[in-house]
Amino acid sequence: MQDDLNTRFEAACAVAREAGALARRRFLERPRSQRADMKGPQDFLTATDSEVEELIRSRLLALFPQDSFFGEEGGGSFERDVWVVDPIDGTANFARGIPHFAVSIAFLRDERVEIGIVLDVMHDELYTARRGGGAALNSKPIHVSGLADLRQATVEAGWSARMPSEPYLAMVERLKQAGANVRRGGSGTLGIVYVADGRIDAYCELHINAWDVLAGLLIVEEAGGVTNDFLAGDGLRTGNPVLACTPELAGPVTAATGIRIGKAAA
Ligand code: IPD
Ligand code: CA
């Protein structure tokens with residue numbers, strides 16, 4: 001059983017790197033005058049998302065034909081063994097020429113994330129985790145910040161057009177009142193792995209989809225951080241709120257965001 005997870009882990013790292021090389025090439029050759037297409041208000045569409053997803057899908061399913069696959073762009077199905085993929089998280093950044101976007105690949109068995117791989121494409125930073133095996137950045141172990149004082153902390157608060165602005169603004173206001181520096185970088189995936197290596201102390205968002213967060217949440221947990229029960233209810237298919245942070249800040253960040261850490265009591 002562990003052997004097949006090792007094989008999948010190595011394969012996913014290689015596929016993320018190949019996908020990253022394609023995304024990087026497309027980013028650099030994009031004409032600077034080109035207007036991005038839109039899926040909806042503030043929801044960007046680039047041909048590269050689909051192209052990169054197709055590469056990841058074809059490589060993984062050629063290696064593991066018995067697995068199922070779900071991607072942000074093309075959808076798919078969720079069987080016992082499933083890859084959940086965001087080919088480019090931070091699409092708005094990609095489309096506007098901002099080099100802050102990532103490839104995210106998670107592998108789940110029986111609805112439990114076993115492997116998380118995130119590649120920050122333009123900085124060549126590969127974040128990896130195997131359940132029970134720790135987290136690494138370019139093969140070196142990483143750890144959450146351990147910061148205990150929200151007045152010294154940086155928290156990323158994600159937002160999308162799926163949510164009205166009032167609850168987001170109220171959450172940001174509570175975080176600021178509690179003393180946090182609040183930022184938004186435009187890639188939920190990268191915000192979450194930044195928690196894992198202590199660049200920031202917490203990431204929160206009132207609704208986000210599974211493909212944006214599953215790989216990163218395992219990386220945070222394996223880096224010693226804590227997370228909410230993202231897969232509660234139908235989180236895999238319809239998304240949920242998300243919170244990932246250094247354990248010392250779980251109380252104050254939960255108080256400010258209303259998102260609880262860990263599984264709810266049965
Ligand atoms: C979005 C980004 C954004 C987050 C949104 C996501 P996309 O994904 O991760 O930071 O706040 O919830 O939908 O559109 O860049 O793939
Ligand atoms: Ca995304």
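Residues numbered from 1 in each chain as written. Chains lettered and ligands numbered in written order. Predicted model: local features only at pLDDT ≥ 70, side-chain atom pairs only at ≥ 80, totals over all residues. Heavy atoms only, no water.

Novice: It is not clear to me how the packing of aromatic side chains should be interpreted in this structure. Could you clarify?
Specialist: Aromatic rings in a pair are described by how distant their centres are and how their planes are angled relative to each other. Using the criterion set out here, one finds 8 aromatic pairs in the structure. Note on Phe27 and Phe101: the rings are 5.1 Å apart at their centroids and 50° apart in plane angle, and the pair reads as tilted. Here the residue Phe27 occupies a position in helix H1 (residues 2-29), and Phe101 occupies one in the loop between helix H3 (91-95) and strand E6 (102-109), the gap between them amounting to 74 residues. A single burial state applies to Phe27 and to Phe101, both of which are buried. These aromatic residues form a ring-pair network of at least three members: Phe27, Phe94 and Phe101. The ring of Phe64 is capped by Arg8, whose NZ or CZ atom sits 4.8 Å from the centre of that ring. For the cation-ring pair, Arg199 lies above Tyr194, with the distance from its terminal atom to the ring centre recorded as 4.9 Å. (Phe/Tyr/Trp six-rings, centres within 6.5 Å; stacked < 30°, edge-to-face > 60°. Helix = DSSP H or I, 4+ residues; strand = E, 2+ residues; numbered from the N terminus. Buried < 20%, exposed > 50% of the residue type's maximum accessible area, 1.4 Å probe, protein only. Lys NZ or Arg CZ within 6 Å of the ring centre and 35° of its normal.)

Novice: Just checking my understanding: could you explain the coordination of the calcium ion (ligand 2) for this structure?
Specialist: Six octahedral donors around a metal ideally subtend angles of 90 or 180 degrees, whereas four tetrahedral donors ideally subtend 109.5 degrees. Only Glu72 (OE), Asp86 (OD), Asp89 (OD) and Asp212 (OD) from the protein coordinate the calcium ion (ligand 2), and they sit 2.1 to 3.1 Å from it. For the calcium ion (ligand 2), the 6 donor atoms are set out with angles of 61 to 161° between them, so the coordination reads as irregular. Ordering the donors of the calcium ion (ligand 2) by residue number gives the pattern E-x13-D-x2-D-x122-D. Taken together, the positions of Glu72 in the loop between strand E3 (68-71) and strand E4 (75-76) and Asp212 in helix H6 (residues 210-222) put the pair 140 residues apart, joining distant regions of the chain. Residue class for Asp212 comes out buried when judged on its relative accessible area of 8%. (Donors = N, O, S within 2.8 Å, 3.2 Å for Na, K, Ca; no water. Tetrahedral: all angles 85-135°; square planar, octahedral: opposite > 155°, others 65-115°.)

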